[in-house]
Structures are given as structure tokens and as C-alpha cells.
Amino acid sequence: MAESEVLSNLMQIRAFCQVVDQGSVSRAADELYRTQSAVTRAIRDLEQALDVPLFERHANGMLLTDFGKCVLPRARRAIAELRQIPLQLAKLQGKSGQRRGDTEPLYLFNVRRLQIFISLCKTRHMQTVATLLGLSQPAVSAALKVLENGAGLALLERTPHGMMPSLAGQDIVPNLRRALNELRHIPADIAARRGVLEGMVQVGALPLGRTRLLPQAIIGLTQRYSGVKVVTNESAFSALASELRSGEVDFIFGALRSSDYAADMATETLFTESMVILARKGHPLLGGAVTQAHLRQARWVLPRAETPARRLLDNSFAAMNMPPPDPVVESGDLGIVRGLLLGSDMLAAVSARQLEHELESGELVKLPLDLADTHRAIGLTFRAGSLLSPAAEALVAEIRKVCS
């Protein structure tokens, strides 16, 4: 999420949810300990900011419009993420029980304050955050003080390496990010309700899908919907999983992980793929039988140690009663793998789809040797219970299409 992005006012979102829950402004005002005029003004300002009517006013209460029904799921999720934070902080302090004050952390209901804290966790430098957000350093310091007073704990610690998030700070950052990302999707949800698909999709792109399949899907999506922007993140799965949990990535496309590794994620298998051994055109091992001696003497470029692909390869070589190769190069970057294969007599074990173009052109060739038990499930990974934006749903549909 862009730090300068203008998001809905959280106090207005809170008032909106209460009016929905209570059915009227007067009952919502009682619940919020606010005047009826203050709640009415909050709803009016939110409607003006979003440029849609959220309620139909009736003598017997406030009824949601279709636009209000569109906004409500995101609004509820954002509020729920913030209300969870006092419980998490209480647990860190060894406290138990739940009071009304614990479920209404008003110190968190300020978008700019949350953006400041998230930026501090990222940059670790107060003046940098002030510059990024167009604020003074005292304003940044004051926002942090309000958050820490509300939390009752230090959220950032000054160290020789900058301002590092404390244990409590680390614990609440994912909730804050998810809350802000829910708000970020509201305008796109409203646009989709009007029949216009727009907004940003942030997709985690693992190596297998990003050379051909994902580009094809992005081309199809952006040709059909000019208002959609796609941002890809090519980090390792562990980093992408962290981003997915915080809502910074909408979904991940590539090799699926086991449920033991990602129990809080949902997966969808699109196809399965086995690994193959590739070499350059004209490689000395082509044109004849490939023996174990050849494989032992070969110079290899392999996936990084401890990755699922590398473990599959090690097991496959073990099944052939030979030790796994000791690679000259370990890399998950397909550009590097391609360059090494084309420029030397190295061998690589990868999915055929990862270098499909080079295989079709004849630049690279499969060695006539099967790698047993190296099939992997390839597909989509989502955060369990997440609500995709309309643009993300559309990209998922395009990915399913190109993989079918």
C-alpha cells in the first residue's frame, strides 16, 4: 500500500458499522457515546468521501443501499482487525479478561497514525518517515507517543541500527496492515458495483509461473480492463507468505506448499508438473545414453538448498542410489539459470514450464532421463478467509484460464 494513499476515515467507518448493527443513528450514538448529530455527520462525510449513498433513511430506521452492502464487509474486517489488538497486547502482558475498553481501541482509529507506525517499522528512521509522509518529525514522534500510550507498551525501541519494532510492535503490525489494506480495496469494490473494474492487484510470483503463465494472464487482464494495475512481488515464498498474511500481497501463484507449512492459508491446485534435466543445444551428453557417472561428473546449477524443489531432487537422486549433485551454483532466478545453461556445459533441474520458450526454440534440450517423484502441485495460495478485490478476482480467473 502506498504510504501517501488517502483511505477512508476509520472513525467514520466505525460509525457506519454501528449504524448498521444498531439499525438507527440514535441507537448507534448511544453505543458510541456520541451525539446523534456527530454520528449523522460521520455518515454524511463518509458518503461524500466515497461519493455513494450508504443508507436509505426510513421512518423505522436506516437501511443499507447496494453500495452500503458493498462497503460493509471491508468495513467490518478493518474494525475487527483493530479490535483484536488489545487482546493480543494483553496476552503479551500476561493479562486475561475482556473489558469494553479493550474492544474499542480508539487510539488506533486514525489512518495517518497507523501509516506512520508501519512506515517506522519499515524504514526504522523517524526523519525518513516524516519526509515520506510530508510531516514534521515532531508530528511523527507525537503520533508514536499516542500509539504507545494507548497500547501501554513500547512499540518501537531505539537501537544502534535504528528504531526497531518491539515484540509488541511486531505482533500488531500484521493486523494494522490488514486493516489498512481492507480500506484500500473499498473504492475498487464500489467501482465494481458500478460496473467498472479498477484498482491494484499485488501478486506474489514464484519462479515456475512468472516466465510465461503469469505474464499471459496479466496481458489478458490489462487488455480487457484498462483501469487495473498489477504489481508483482518476486520474493522467496517465506517472505511472500508474510506479505500475504499482512494483506500486502493478494495471493501467490506458483508451487504450492504443504498444509503443515501454511496452515493458515488456502490453496488451489491448477496443474501438476515434474522436473526435467536441461542442457544447452549441442551439449556433449545429448545424443546418447546418460549414465550415473555422467551425472556425478556434471557441473550443476540447482535450486537453493532447503527449497521444496531441491528436496524433491535430492530424494529423486537418492531413489537412483546415488548422492545428490553438489551444485556449482544455487539459484532460483531463471534469468541466471538460463544464462548459465546457454553459456556453458552446466546442467539444471527445473520444471519444463519455467524455460518453455527456450525448449520450444531449441536453445535448451531435455536430457533423456526421468527424475522420478519430482511432481509438484502448481497453483494459487490465498490467506484463509481473505476477501479478494474485484481486480484480484479477475486476475485469478485469467490465471485459471491460461493454466487450463
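The rules behind these values
- Residues numbered from 1 in each chain as written.
- Predicted model: local features only at pLDDT ≥ 70, side-chain atom pairs only at ≥ 80, totals over all residues.
- Heavy atoms only, no water.
- UniProt positions renumbered as here; feature names shortened; annotations may be inferred.
- Helix = DSSP H or I, 4+ residues; strand = E, 2+ residues; numbered from the N terminus.
- Pairing = 2+ DSSP bridges.
- Contact = heavy atoms within 4.5 Å.
- Axes fitted to C-alpha atoms, helices over the stretch in contact; angles between N-to-C directions.
- Parallel < 35°, antiparallel > 145°, perpendicular 65-115°, else oblique.
- Left-handed = near helix turned anticlockwise from the far one by under 90°.
- Core = buried A, V, L, I, M, F, W, Y, C linked by side-chain atoms within 4.5 Å.
- Buried < 20%, exposed > 50% of the residue type's maximum accessible area, 1.4 Å probe, protein only.
- Phe/Tyr/Trp six-rings, centres within 6.5 Å; stacked < 30°, edge-to-face > 60°.
- Lys NZ or Arg CZ within 6 Å of the ring centre and 35° of its normal.
- Salt bridge = Lys/Arg side-chain N within 4 Å of Asp/Glu carboxyl O.

By the naming in an unreviewed UniProt entry, the protein goes by LysR family transcriptional regulator and is assigned to Rahnella bonaserana.

Once that is clear, we can look at the UniProt feature "domain: HTH lysR-type" (unreviewed entry) in the protein. Here, UniProt's "domain: HTH lysR-type" (unreviewed entry) annotation points to residues 12-65 and 109-166. Between the end C-alpha atoms of residues 109-166 there is a gap of 21 Å, over a span that is 62% helix and 14% strand.

With that out of the way, let us pick up the sheet that holds strand β13 (residues 364-366). Strands sit in the order β11-β10-β12-β9-β13 across an open sheet of five strands; the sheet is mixed. Edge positions in the sheet fall to β11 (329-330) and β13, since each of these pairs with one other strand and no more. Two strands pair when backbone bridges link them, and strand β9 (residues 275-280) and β13 are joined in this way by three bridges, in the antiparallel orientation. By the bridge assignment, leucine 278 is partnered in β13 with lysine 366. This element, helix α14 (residues 308-319), spans β9, β10 (300-302), β11 and β12 (347-351) of the sheet and lies at about 130 degrees to β10. Its contacts with the sheet place helix α15 (residues 334-343) against β9, β10, β11, β12 and β13, and it is angled at close to 140 degrees to β12.

Packing of helix α1 (residues 10-22) against helix α2 (residues 25-32) brings their axes to within 8 Å, and their N-to-C directions diverge by 120 degrees. Here α2 runs oblique to α1, going by the angle between their axes. When the axes of α1 and α2 are compared, the crossing they make is right-handed. Listed contacts from α2 to Arg14, Ala15, Gln18, Val19 and Gln22 of α1 are Val25, Arg27, Ala28, Glu31 and Leu32.

Counting 60 residues, the largest nonpolar core has Phe16, Leu82, Leu108, Phe117, Leu120, Leu176 and Leu183 as its most contacted members. Mapped onto this core, the elements with two or more residues apiece are α1, α2, α3 (36-50), α4 (66-92), α6 (111-123), α7 (126-133), α8 (137-151) and α9 (167-193). Membership of the second largest hydrophobic core comes to 28 residues, among which are Val203, Leu380, Ala394 and Leu395.

To continue, consider the packing of aromatic side chains. Tallying each qualifying case throughout the model produces three aromatic pairs. Ring centres of tryptophan 300 and phenylalanine 317 lie 5.8 Å apart, and the angle between their planes is 90 degrees; this geometry places the pair in the edge-to-face category. Residue tryptophan 300 is located in strand β10, and its partner phenylalanine 317 is located in helix α14; the two are separated by 17 residues in the primary sequence. Relative accessible area serves as the criterion here: at 1%, phenylalanine 317 is assigned to the buried category. Over the aromatic face of phenylalanine 109 sits the side chain of arginine 14, whose NZ or CZ is 5.8 Å from the ring centroid.

What follows covers the pattern of salt bridges. In the structure shown here, the tally under the stated rule is 23 salt bridges. Arginine 74 is paired through a salt bridge with glutamate 182; the nearest N and O atoms lie 2.9 Å apart. With a gap of 108 residues between them, arginine 74 in helix α4 and glutamate 182 in helix α9 connect regions that are remote in the sequence. You can call glutamate 182 buried: its relative accessible area is 6%. The partner of arginine 310 in a salt bridge is aspartate 314, and the shortest N-O contact between them spans 3.8 Å. With a gap of four residues between them, arginine 310 and aspartate 314 both fall in helix α14, about one helical turn apart. A residue is classified by how much of its surface remains accessible, and aspartate 314, at 27% relative accessible area, is partly exposed.

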